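# Coordinate analysis (summary)
Residue strings, one per chain:
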Amino acid sequence: MRLEITWTRDRKRWCTKEVHTTGPTPANPHHLAVHFFPDGHIEAALSEDLPEPKLRLERASPTERKKSGNTVSDEQVARCQDAYPY
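Here we summarise the structure given alongside this text. Since the model is a prediction, treat every value here as computed from it, not as a measurement.

## Observations regarding the packing of aromatic side chains
Between two aromatic rings, the relevant description is the distance of the centres plus the angle of the planes. This structure, assessed with the given rule, holds 1 aromatic pair. Taking the centre distance of 5.2 Å and the plane angle of 65 degrees together, the rings of Trp7 and Phe36 count as edge-to-face. Here Phe36 lies in strand S3 (residues 31–36) and Trp7 lies in strand S1 (residues 2–9), a separation of 29 residues in the sequence. Looking at Trp7, the relative accessible area reads 11%, which means it is buried. Judged by relative accessible area, which is 40%, Phe36 ranks as partly exposed.

## Here's the deal with the environment of Ser73
Positionally, Ser73 belongs in the loop between strand S4 (42–47) and strand S5 (79–81). Given a relative accessible area of 11%, Ser73 falls into the buried group. With sequence-adjacent residues up to four places away left out, Ser73 is seen in contact with Pro38, Asp39 and Gly40.

## A closer look at the environment of Cys80
By the element assignment, Cys80 lies in strand S5. The sequence separation of Cys80 and Thr6 amounts to 74 residues, and the corresponding C-alpha distance is 9.4 Å. With sequence-adjacent residues up to four places away left out, Cys80 is seen in contact with Arg13, Trp14, Cys15 and Glu75.

## Side note on the state of the cysteines
All chains considered together, the criterion is met by 1 disulfide. With its sulfur 2.2 Å from that of its partner, Cys15 forms a disulfide with Cys80. With the S-S bond torsion at 115 degrees, the cross-link from Cys15 to Cys80 turns out right-handed. Of this pair, Cys15 sits in strand S2 (residues 13–20) while Cys80 sits in strand S5, placing them 65 residues apart in sequence.

## Digging into the environment of Ala33
With respect to the helices and strands, Ala33 occurs in strand S3. Given the relative accessible area of 7%, Ala33 is considered buried. In this structure, the C-alpha to C-alpha distance between Ala33 and Leu50, residues 17 residues apart in sequence, is 8.3 Å. For Ala33, the contacting residues outside a window of four places in its chain are Glu43, Ala44, Ala45 and Pro51.

Rules behind the numbers
Residues numbered from 1 in each chain as written. Predicted model: local features only at pLDDT ≥ 70, side-chain atom pairs only at ≥ 80, totals over all residues. Heavy atoms only, no water. Phe/Tyr/Trp six-rings, centres within 6.5 Å; stacked < 30°, edge-to-face > 60°. Helix = DSSP H or I, 4+ residues; strand = E, 2+ residues; numbered from the N terminus. Buried < 20%, exposed > 50% of the residue type's maximum accessible area, 1.4 Å probe, protein only. Contact = heavy atoms within 4.5 Å. Disulfide = S-S within 2.5 Å.

Encoded structure:
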């Protein structure tokens, strides 16, 4: 199934990306899980039960950078702009 995912960072920068759901579609889906990965790719899946996280990030202080550098690569694979896209 094809979905269009729209997200924001602090309501200042909006991004949108078309993704396909991964895995089989259950007979009675109740949940949509959207996973954002550090390399910028996004996965979406439908499930009957609450899905498990696919990636656990280290806790970080909002005022300090993580050792990884808090890199966000989603703008390299999505359409982003400074205003709401619609």
